[in-house]
Structure formats: C-alpha cells, structure tokens
Amino acid sequence: MKLTVRGLAAALNSSGNFKKKAPEIAVDHLVIGAGVVGLAIAQRLCEKFPMKTTYLIERHARAGEETSSRNSEVIHSGIYYPADSLKTRLCLRGRELMYQRCRTLDIPHRKTGKLIVAKTNQRSYIENLHLKALKLQWPPHSAGDVTSSPVLPTELISGDEARAMEPNLSRDISAALWCPETGIVDSHSFMESLEKDILESETGDLAYATRVVRVDPYSTGSSKVIPGGQGWVVQTVTGNEGQTESDAILARTVFNASGLSGPFILNSLLPPERRIPMYYARGSYASYRGPGISGISHLIYPCPDTGPNAHAFASLGTHLTLDLNGKIKFGPDIEFLSPPTSEDSEENMDYWTKHLSPDDSKLEQMHLAIKQYIPEVVVEGLQPDYVGIRPKLIPPGAGFQDFIFRTDYSCDFGGVGLVGESPMISLLGIESPGLTSSLAIAEYVVDDLLSSTKSAQ
C-alpha cells in the first residue's frame, strides 16, 4: 500500500531531461504548493517580512486543487488527538485564528457545534475526550483576551438531551459530547482571501500551472554565480507537460508545502535508505436527500471504531456535516490505495488522481455506518458526491501520526553556506485537521521554525 521509495525519488525529475542548471533569478522565500497551507505560509511571510521577496508556485491552474478542496470544510474544535501533539496545538490555535479571520473579512462560516454520539459501550470514549478537553491549555501565541476562558469547552449530555437537540438520532444513543466550538467554513473563499493578500503585497507573487522538476543545493561551481548566493536551485516548468526547457530560481529559503507530493522533493535529494515512504488514503463523500434528517442543524460524529480494528487516528468515521447552504453530506470513509505496479515515475507521482471519481460502490457500507446513529436514513437517498485523498506517512493500523515539520540545510547536501542558513522546511503528512490548522501552521513555520534559523536574521 505504500509508494516505493524508488518511485518517489524518480518522479520529481521524471523525464531525465532536466540537468543541473545555474539560477537565473533569486528570491528570498519560495513556497511550493498553493493549497491552503502553502497559501497561509506565503501570506504570513509577506506580512512578517515585507522587505523580502516571497514567490508561491503551484502545479495546478488554481489554488487548492488537491486536499484543500476535497474535505469536509469543518472548523475542528481540536479534541481528537493526543494533548501534547502538534495536531492538537495547531488545531486549537488555528481554530482561534480562522474564526478571527472569517469575522474580520466576512468569509462565509458558521459555528454550528458538533455532537459526538455514543452507544452504551462507547461512553468511555467520549468521557475520555471530555476529561482531556478539561486539561488542555491555550497554545503559544494565543491572544490574551481569550486565554481566560477554556480552550476547548465540552459538555457530556445524555442521549435524551442529544435527541432534544437532534430528534433524528437513534434511541440507541445513550450519551453525547457537545462541542460548541466546531463550525463550517467556505474553504474556497478562505483560500481566495489568502491569495488576495499575497497578490496585494509589495513583494509577494504567485505562479500557477508551474511545477517543480528539479531541486539542487546551490554551489559556487555553477557557471553563473549570484553574489552572496546560497540556498536551493529550484527548476520549474510552466505550461504543458511536454516542455523540456526549465526556469532556474535560486531560493534562499524553500517551504515544501506540496501536500500529496511532499516527499518527492526530499526523496530526490536523499539516499535510498533515508527516503520517505508515502501512503494515500481515499475518502468518499455522499450527498443525501430523503427521510431521517429533517431539521438537522449541528454536525454529528459517531464514535470511531474502538474495537480490535480501531481506526480513530486514521479516520473519524462516517460523519454528518452540513455546508453553508444547508446541504447534508456523509463521509468520509477510508480506503488505503494500492500503488501502481509500473515503475513509470509520472504514473507513480500522480496515480492517485485516477481514484478521484466518486462511485456508488461504497454506498451500502456507508449506509450501514450511518444507520447506527441516524436510523431513518435510506440508502436510496445517498448519492456519490466527491472524493478526497489524504497524505499518510504510516500504513493502516499503525496508530497515531503527528504532523511532521522537517528542516534541511543546503550545506547538508554539498551546497554553499553553514548549518542554520538556507533551510528547506518540509511539511509532511498534513491531513486533517490541516484546514483548521492552516493559519497556525503558517505562524509556527514562519514565527518559530524559520525565525530560529540564521536565514531569518
């Protein structure tokens, strides 16, 4: 189920036509990937370093074409993951920043609240979540005006109280955890607001339909030397796939926020024994029209499987969400994809795109899961809606995997400079709660990780 490290390394320079090349221009910050996280990082860089150039490149024709536009559009409360994890810290802080930005810029959103519903044998799961919520502390950078209140208010309620809020719930639901801070957001409007900030800044720019084809540490052995040059030579191609002429950019700092392609850049630099394997998980969503959902106004999440096949950290179960127009959808489920058998590197890099078409093969299974908490839903009302792919760093059943932020330096690979100069910061395994965490991830990467390097000085 994992993409081979051979394929991962070969895919970046797939055609073999892109040889080492001297840079033609230089930028201070190069962000690779204009998903919501890459946009947030570029926006933060433009805001914090207005005198330095920030260049954001994206291989698709528009922003957020992969994971960022194929998710539940939920503003998560931050309750599910280990208390000391980056996922919890950045989700809590990101939730605060997202609500603040949405209010300030009139980005469509709604604080709906969420019910995590439990049968009798699942009560301990929500009780443990409640206890964890009570102990959580506000993360670093949180504003002083909010830190006097609980960071994650929750309330344990009875099944009858839950049914008073949502009458369609099953009589088998004996308890629920009410999470009032959960909400929904128009992710496209949110990304457009970040894009606008970058384009309106003095030193920020974006390039779409531009893909990275090669990365090398910068060395003065190049035929063309840029005074004071150090960093990474990033070759890009804009336009159609068949092009063999690239542009070479000297990036003094690189932010690898390329999501599903995150490991490819690193693996093109690393020796085989250190390359990073990659797993992809497919999640299908279904829209619903039919009985059993009248008047629903909150998000409803079942307890994840807590038995021998527990998948709580891989997926939160087939839950009910709303969009801002009141449309109800269920999902996602989870299906780990088998990698291609071909060694063709182009196929390896984008093989997951062949799995984006929704179909009805999972509707019966999805319906069985939904009926456990909303029994009047009928399978005939379910329609395939869309599919998302989640970047995973561990195989199914391997437990919890936190976000990974990895810093490499050009000099580690033979480039000019010293340790602490010319970093490449790679963001790996940024899945849920990546949308909610995006502004906090940008704050962490720019204000904490980059600021601790010599390149920020």
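Residues numbered from 1 in each chain as written. Predicted model: local features only at pLDDT ≥ 70, side-chain atom pairs only at ≥ 80, totals over all residues. Heavy atoms only, no water.

A. Looking closely at the overall build of the chain. Counting its regular elements, the chain contains 10 helices and 21 strands. Burial status across the chain gives 57% buried among its 457 residues. For the chain, long-range pairs separated by at least 24 residues make up 77% of all intrachain contacts whose partners lie at least 6 apart in sequence. Here the chain has roughly 18,600 Å² of accessible surface; of this, 49% comes from carbon and sulfur atoms. (Helix = DSSP H or I, 4+ residues; strand = E, 2+ residues; numbered from the N terminus. Buried < 20%, exposed > 50% of the residue type's maximum accessible area, 1.4 Å probe, protein only. Contact = heavy atoms within 4.5 Å. Areas by Shrake-Rupley, 256 points an atom, 1.4 Å probe, with all protein chains shown as cover.)

B. Layout of the sheet that holds strand S4 (residues 74-75). Taken in spatial order, the three strands make up an open sheet running S4-S9-S5, and their pairing is antiparallel. A single partner strand is all that each edge strand has here, and the edge strands are S4 and strand S5 (109-110). Where S5 and strand S9 (residues 183-185) come together, two bridges link them in antiparallel fashion. Bridged to Arg110 within S9 is Ile184. (Pairing = 2+ DSSP bridges.)

C. Layout of the packing of aromatic side chains. Scanning all chains against the criterion turns up seven aromatic pairs. Ring centres of Tyr80 and Tyr301 lie 6.4 Å apart, and the angle between their planes is 25°; on these two criteria the pair is classed as stacked. One end of the pair, Tyr80, is in the loop between S4 and helix H3 (86-105); the other, Tyr301, is in strand S15 (residues 299-302), with 221 residues separating them in the sequence. Note on Phe405 and Tyr444: the rings are 5.1 Å apart at their centroids and 75° apart in plane angle, and the pair reads as edge-to-face. Of this pair, Phe405 sits in strand S20 (residues 404-409) while Tyr444 sits in helix H10 (residues 434-449), and the two are 39 residues apart along the sequence. Take Tyr444: its relative accessible area is 14%, and that puts it in the buried class. (Phe/Tyr/Trp six-rings, centres within 6.5 Å; stacked < 30°, edge-to-face > 60°.)

D. A look at the pattern of salt bridges. Counted according to the given criterion, the structure contains 24 salt bridges. When the shortest N-O distance is used, the salt bridge between Arg89 and Asp448 registers 3.2 Å. Remark: Asp448 occurs in helix H10 and Arg89 occurs in helix H3; sequence separation between them is 359 residues. Overall, the relative accessible area of 23% leaves Arg89 in the partly exposed class. One salt bridge connects Asp160 with Arg163, and the closest N-O pair in it is separated by 3.0 Å. Of this pair, Asp160 and Arg163 are both found in helix H5 (residues 159-165), three residues apart, which corresponds to roughly one turn of the helix. (Salt bridge = Lys/Arg side-chain N within 4 Å of Asp/Glu carboxyl O.)

E. Up close: the pairing of strand S16 (residues 319-322). Covered by surrounding structure in S16 are His319 and Thr321 together with Leu320 and Leu322, the residues of both alternating faces. Examined bridge by bridge, S16 and strand S17 (residues 328-331) share four bridges and lie antiparallel to one another. Paired with Leu322 across the bridge in S17 is Ile328. Count of turn residues in the S16/S17 antiparallel hairpin: five residues, of which Gly326 carries a positive phi of about 85°.

F. Looking closely at the nonpolar core. One finds Ile79, Ile116, Leu320, Phe330 and Ile374 to be the most contacted residues of the largest nonpolar core, which totals 46 residues. Among the elements of the structure, strand S6 (114-118), helix H4 (123-135), strand S8 (175-179), strand S14 (278-288), S15, S16, S17 and helix H9 (363-371) are those that each provide at least two residues to this core. In terms of nonpolar packing, the next biggest core, distinct from the first, is built from 44 residues, Ala34, Phe49, Ile425 and Ala442 among them. (Core = buried A, V, L, I, M, F, W, Y, C linked by side-chain atoms within 4.5 Å.)

G. Region of interest: H4. Taking 1.5 Å of rise per residue, 13 residues should cover 18 Å, and H4 covers 19 Å from first to last C-alpha, within 8% of that figure. Among all positions in H4, only Tyr125, Ile126, Leu129, His130, Lys132 and Ala133 are buried. Angular distribution of buried residues about the axis of H4 spans 165°; they occupy a single face of the element. Facing away from the buried side of H4, by more than 90 degrees, are the exposed residues Leu134 and Lys135. Tucked inside the fold, the buried residues of H4 contact S6, strand S7 (155-158) and S8. (Expected span 1.5 Å × (residues − 1). Arc of directions from axis to C-beta.)

H. Quick look at the packing of H3 against H10. Axis separation between H3 and H10 bottoms out at 6 Å; the angle between their running directions is 105°. One element, H3, and the other, H10, form an angle in the roughly perpendicular class. Listed contacts from H10 to Leu86, Lys87, Arg89, Leu90, Cys91, Arg93, Gly94, Arg95, Leu97, Met98 and Arg101 of H3 are Leu435, Thr436, Ser437, Ser438, Leu439, Ala440, Ile441, Glu443, Tyr444 and Asp448. Looking at side-chain class alone, the contact of H3 with H10 contains 10 nonpolar, four polar and seven charged residues. (Axes fitted to C-alpha atoms, helices over the stretch in contact; angles between N-to-C directions. Parallel < 35°, antiparallel > 145°, perpendicular 65-115°, else oblique. Nonpolar A, V, L, I, M, F, W, Y, C, P; charged D, E, K, R; others polar.)

I. Local environment of the side chain of Thr236. Looking at the secondary structure, you find Thr236 in strand S12 (residues 232-238). Ignoring anything within four residues of it in the chain, the contact list for Thr236 reads Ile57, Thr210, Arg211, Val212, Val213, Ser246, Asp247 and Ile249.

J. Expanded view of the pairing of strand S11 (residues 210-217). When you tally the buried positions in S11, you get seven out of eight residues, the bulk of the element. As paired strands, S11 and S12 are joined by seven bridges and run antiparallel to one another. Along S12, the bridge assignment pairs Arg211 with Val237.

K. Fine view of the packing of helix H2 (residues 36-48) against H10. Their axes nearest at 8 Å, the elements H2 and H10 cross at an angle of 40°. In terms of axis orientation, H2 runs oblique to H10. Remark: the crossing between H2 and H10 carries right-handed chirality. Counted together, Val36, Val37, Ala40, Ile41, Arg44, Leu45 and Lys48 of H2 and Gly434, Leu435, Ser438, Leu439, Ile441, Ala442, Glu443, Val445, Val446 and Asp447 of H10 form the full contact between these two elements. (Left-handed = near helix turned anticlockwise from the far one by under 90°.)

L. Region of interest: H9. All of the buried residues in H9 are Leu363, Met366, His367 and Ile370. Mapping the buried residues of H9 onto a view down its axis gives an arc of 100°, with all of them on the same face. Set apart from the buried face of H9 by more than 90 degrees, the exposed residues are Glu364, Gln365 and Leu368. Considering only its buried residues, H9 is in contact with S14, S17 and strand S19 (382-392).

M. Representation of the environment of Ser187 in the model. Structurally, the position occupied by Ser187 is in helix H6 (residues 187-200). Judged by its relative accessible area of 1%, Ser187 is buried. Through-space distance from the C-alpha of Ser187 to that of His109 is 9.0 Å; in sequence the pair is 78 residues apart. In contact with Ser187, other than residues within four places in its own chain, are Ser68, Glu73 and Leu435. Of note is the side chain of Ser187, whose polar atom sits 2.6 Å from the side chain of Glu73. (Polar contact = N/O pair within 3.5 Å; in protein donor to acceptor, adjacent residues only side chain to side chain.)

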